[in-house]
Amino acid sequence: CIAWLRFRLQMVLEPHGLAMVAKALGGLSQVLSIVCFNRLYQGVQTRLTDFENWRTQTQYEDATIAKDFSFKIVNAYFACFFVAFVQNNVKVFGQDMHCSMWNCMTELALTLATIFVVQMTAQQAMELGTPVMKKLWQDLRSHGGGAHALRRASLTT
């Protein structure tokens, strides 16, 4: 589905000279799906491992790690696998999605770069933004809330 979205974006934006923007937007949608599926799988993974009824905590943790690693590898790198090996050879939803001049290296590099940069940026934003938001929330609660308290809290930080 993401591959089809990327292809459609490229078909719409390429005549306007915006093929790279279409590829970047496709990569961004791929990253969003990776993050969503990783979050969704965390709950599924815990339930699956609980149902297996391991005898020791070490066996339970080993099973959890194996499931987590296996899923995340497939989830994160399937897009790159698709671009590198499948895109030039298979029709998706009846559409021939081959790369220009049958060379997908540019698209593969852009997909990989987009995945890494967006995931690293999101991770850093969460690590840095969470304490700032917690402090801002605490300041708002201690000053009684409202827009005036928000201005006061932002001036003191």
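Now for a quick tour of the structure. In this text the structure is predicted, and so the values were computed from the model without any measurement.

### Structural notes on the nonpolar core
Here's step 1: In this structure, Val31, Ile34, Ala79, Cys80, Val83, Cys99, Cys104, Leu108 and Ile115 together form the largest nonpolar core, which totals nine residues.
Here's step 2: Where this core is concerned, the elements lending two or more residues are helix 2 (19-52), helix 3 (57-86) and helix 4 (105-142).
Here's step 3: The element best represented in this core is helix 3, accounting for three residues.
Here's step 4: When neighbours within four sequence positions are excluded, Ala79 is seen to be in contact with Gln30, Thr111 and Ile115.

### A closer look at the environment of Cys80
Here's step 1: Along the chain, Cys80 falls in helix 3.
Here's step 2: Taking C-alpha positions, Cys80 is 6.7 Å from Leu112, a pair spaced 32 residues apart along the chain.
Here's step 3: For Cys80, the contacting residues outside a window of four places in its chain are Leu108, Thr111, Leu112 and Ile115.

### Some remarks on a nonpolar patch on the surface
Here's step 1: A cluster of nonpolar side chains, contributed by Phe69, Ile73, Val74, Tyr77, Phe78, Phe81, Phe85, Phe116 and Met120, occupies part of the molecular surface with about 960 Å² of accessible area.
Here's step 2: For the nonpolar patch, the elements supplying multiple residues, two or more each, are helix 3 and helix 4.
Here's step 3: With seven residues, the top contributor of residues to the nonpolar patch is helix 3.
Here's step 4: Taking relative accessible area as the criterion, Phe78 reaches 46% and is therefore assigned partly exposed.

### As for the packing of helix 3 against helix 4
Here's step 1: In the contact formed by helix 3 and helix 4, the axes pass within 9 Å of each other and the chain directions differ by 170°. Taken as axis vectors, helix 3 and helix 4 run roughly antiparallel relative to one another. Two secondary-structure elements touch here, helix 3 through Ala76, Tyr77, Ala79, Cys80, Val83 and Ala84 and helix 4 through Glu107, Leu108, Thr111, Leu112, Ile115 and Phe116.
Here's step 2: Among the residues making up the contact of helix 3 with helix 4, the classes are represented as 10 nonpolar, one polar and one charged.

### What to know about the pattern of salt bridges
As a working rule, side chains carrying opposite charge can pair if their charged atoms are close by.
Here's step 1: Inspection of every chain in the model, using the stated rule, returns three salt bridges.
Here's step 2: The residue Lys67 makes a salt bridge to Glu52 at a minimum N-O spacing of 2.8 Å. Of the two residues, Lys67 sits in helix 3 while Glu52 sits in helix 2, which places them 15 residues apart along the sequence.
Here's step 3: Given a relative accessible area of 37%, Glu52 falls into the partly exposed group.

### Points about helix 3
Here's step 1: For helix 3, which comprises 30 residues, the first-to-last C-alpha distance of 41 Å matches the rise-based estimate of 44 Å (1.5 Å per residue) to within 8%.
Here's step 2: Roughly 50° is the biggest bend found in helix 3, and it falls at Tyr77.
Here's step 3: Residues of helix 3 that are buried: Ala63, Lys67, Asn75, Ala76, Ala79, Cys80, Phe82, Val83 and Val86.

About the criteria used
Residues numbered from 1 in each chain as written. Predicted model: local features only at pLDDT ≥ 70, side-chain atom pairs only at ≥ 80, totals over all residues. Heavy atoms only, no water. Core = buried A, V, L, I, M, F, W, Y, C linked by side-chain atoms within 4.5 Å. Buried < 20%, exposed > 50% of the residue type's maximum accessible area, 1.4 Å probe, protein only. Helix = DSSP H or I, 4+ residues; strand = E, 2+ residues; numbered from the N terminus. Contact = heavy atoms within 4.5 Å. Patch = residues over 30% accessible without salt bridge, like charges linked within 9 Å, V, L, I, M, F, W, Y side chains within 5 Å. Areas by Shrake-Rupley, 256 points an atom, 1.4 Å probe, with all protein chains shown as cover. Salt bridge = Lys/Arg side-chain N within 4 Å of Asp/Glu carboxyl O. Axes fitted to C-alpha atoms, helices over the stretch in contact; angles between N-to-C directions. Parallel < 35°, antiparallel > 145°, perpendicular 65-115°, else oblique. Nonpolar A, V, L, I, M, F, W, Y, C, P; charged D, E, K, R; others polar. Expected span 1.5 Å × (residues − 1). Bend = angle between axes of the 7 residues up to and from the residue.

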